[in-house]
Amino acid sequence: MAGDDDRDRRKKSRSKSKERKKERSREGDRDRDRDRKSRRSRSKSKERKEKKKKKARYWDVPPVGCEHLTVAQYKAMQGAGQIPQTISVPSTALTLKTNIPFAGSAISRQARRLYVGNIPFGVTEEAMMDFFNNQMKVTGFAQAEGNPVIAVQVNLDKNFAFLEFRSVDETTQAMAFDGINFQGQSLKIRRPRDYQPLPGMTENPQMAVPGVVSTVVADSPHKIFIGGLPNYLNEDQVKELLTSFGPLKSFNLVKDSATGLSKGYAFCEYADPSVTDQACAGLNGMQLGDKKMIMQRASIGAKTGLGVPVQIQVEGLDLTQGAGPPTEVLCLMNMVVPEELEDEEEYEDITEDVKEECGKYGTVKSLEIPRPIKGVDVPGCGKIFVEFNSMLDCQKAQQALAGRKFSNRVVVTSYYDPDKYHQREF
């Protein structure tokens, strides 16, 4: 019996030992599986990390010479104009299927747009596009086949439009159409407000359009001032008077921005500068209704063809006799315009400025600067009247101020009747 019990114990011990070996074997297999999975996981993680570390080939690649700058620094410097906004343009002339030159469409859009003012009422975008495309071709300004004008935006409420051209150079040449007549309206063509000249590109048209009178009268020795015009005369009527001496290069009748009515004066330049003096001599003093026309070179002090200084002319005042007999009141002209007197702050600044300057030559008793009133023709508006304590002080001021510049205008002086001054008969 004892022997049987020993055998049974040994059998049980062997079976337990086998089970423990199997269990260890299974645990070893599980550990090996975990190791394999862990190794695969680590290898995939390494792959992912390697992929993350891979640098982009195209994004955020700094331009040559700017490797030391951050993106934010580069954009800030470019915005400030310290780095030119260059655009790579093919060296060969390429055109798209739309016949738009590639170079023109790639360059900044603002340099290919033009503002057009004084457009006809009710005009359509199609009509304007057809008109300008036809004019570009007729004048030879079109530089390739197809239409130079590719887009038109019309604002009928505010009576203006924008033209967009396919190239910068054609846009510049189209500036020569300033003043062209379209459906009975003289168009005003300007660069848009956000226009920035492009380096290496001309800003002014190289050719003039025959028969087109520009609405921009540039400052030059041949620029003419026309004053004393009745407000009812329109542009065509004034032009008709002026062209009796020859064709005009440019003309601008100054109008009130709020009402669109003439302010009674204009500027012009003749195509042939040699007729400037003839026209001034022939038209100056001409009676127009209840007014007399003033015609003189706008550049005060410019010389005539004979080398004689042009005399400044002011309506209702004979300056050939100098400032007239001395009085205690001095009238200052050509210093201010009515628009400058409308703003209260600007009016006070002008008053203080005149008082301070005149006070250098004597005691200022009083000062009057007539201000504009809407709908009322204010006598003396645009003139400044200064009353001094003595005639001697007034003479000192007259001699010192005549010919001086105020707000970039040449000051004209004249003595004024004290009785009229006190009665406010300006």
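For the structure itself, look to the data block above.
Since the model is a prediction, treat every value here as computed from it, not as a measurement.

Asker: Where do I start with the environment of Leu367 in this structure?
Answerer: In this structure, Leu367 sits in strand S14 (residues 364-368). For Leu367, a relative accessible area of 16% translates into the label buried. As for Leu367 and Ile384, which are separated by 17 residues in sequence, their C-alpha atoms are 7.6 Å apart. If we ignore the near neighbours within four places in the chain, the residues touching Leu367 are Thr351, Val354, Lys355, Phe385, Val386 and Tyr421.

Asker: When you look at the layout of surface pockets in this model, what are you seeing that I'm missing?
Answerer: Remark: the empty space left among the atoms is shown by a probe the size of a water molecule rolled over them. Size it by volume and the second largest pocket reaches roughly 840 Å³. Elements supplying a minimum of two residues to the lining of the second largest pocket: strand S1 (113-117), strand S5 (185-186), strand S6 (188-190), helix H6 (235-242) and strand S8 (248-255).

Asker: When you look at the pattern of salt bridges in this model, what are you seeing that I'm missing?
Answerer: Here the idea is simple: oppositely charged side chains can pair when their charged atoms come close. This structure, assessed with the given rule, holds 12 salt bridges. The salt bridge involving Arg297 is made with Asp277; its shortest N-O contact spans 3.0 Å. Of the two residues, Arg297 is situated in strand S12 (residues 294-297) and Asp277 in helix H7 (residues 276-283); the sequence distance between them amounts to 20 residues. Accessibility expressed as a relative area gives 5% for Arg297, which makes it buried. Here Asp277 falls in the partly exposed class, since its relative accessible area comes to 26%. The partner of Arg371 in a salt bridge is Glu344, with the nearest N and O atoms 3.1 Å apart.

Asker: Please explain unusual backbone geometry as it appears in this structure.
Answerer: Peptide bonds are, in most cases, trans, and in most cases residues other than glycine have a negative phi. Phi at Asn159 takes a positive value of approximately 65°, unusual for a residue other than glycine. Within the secondary structure layout, Asn159 lies in the loop between strand S2 (149-155) and strand S3 (160-165). Taking the relative accessible area as the measure of exposure, Asn159 reaches 30% and is therefore partly exposed. The backbone of Gln183 shows a phi angle near 55°, a positive value even though the residue is not glycine. Among the secondary structure elements, Gln183 is positioned in the loop between strand S4 (181-182) and S5. Residue Gln183 is classed as exposed on the basis of its relative accessible area of 52%.

Thresholds applied
Residues numbered from 1 in each chain as written. Predicted model: local features only at pLDDT ≥ 70, side-chain atom pairs only at ≥ 80, totals over all residues. Heavy atoms only, no water. Helix = DSSP H or I, 4+ residues; strand = E, 2+ residues; numbered from the N terminus. Buried < 20%, exposed > 50% of the residue type's maximum accessible area, 1.4 Å probe, protein only. Contact = heavy atoms within 4.5 Å. 1 Å grid on protein atoms, 1.4 Å probe; cavity = no way out; pocket = protein on both sides within 12 Å on 5 of 7 lines; lining within 4 Å. Points joined across faces, edges and corners; volume = space filled by probe spheres on them. Salt bridge = Lys/Arg side-chain N within 4 Å of Asp/Glu carboxyl O.

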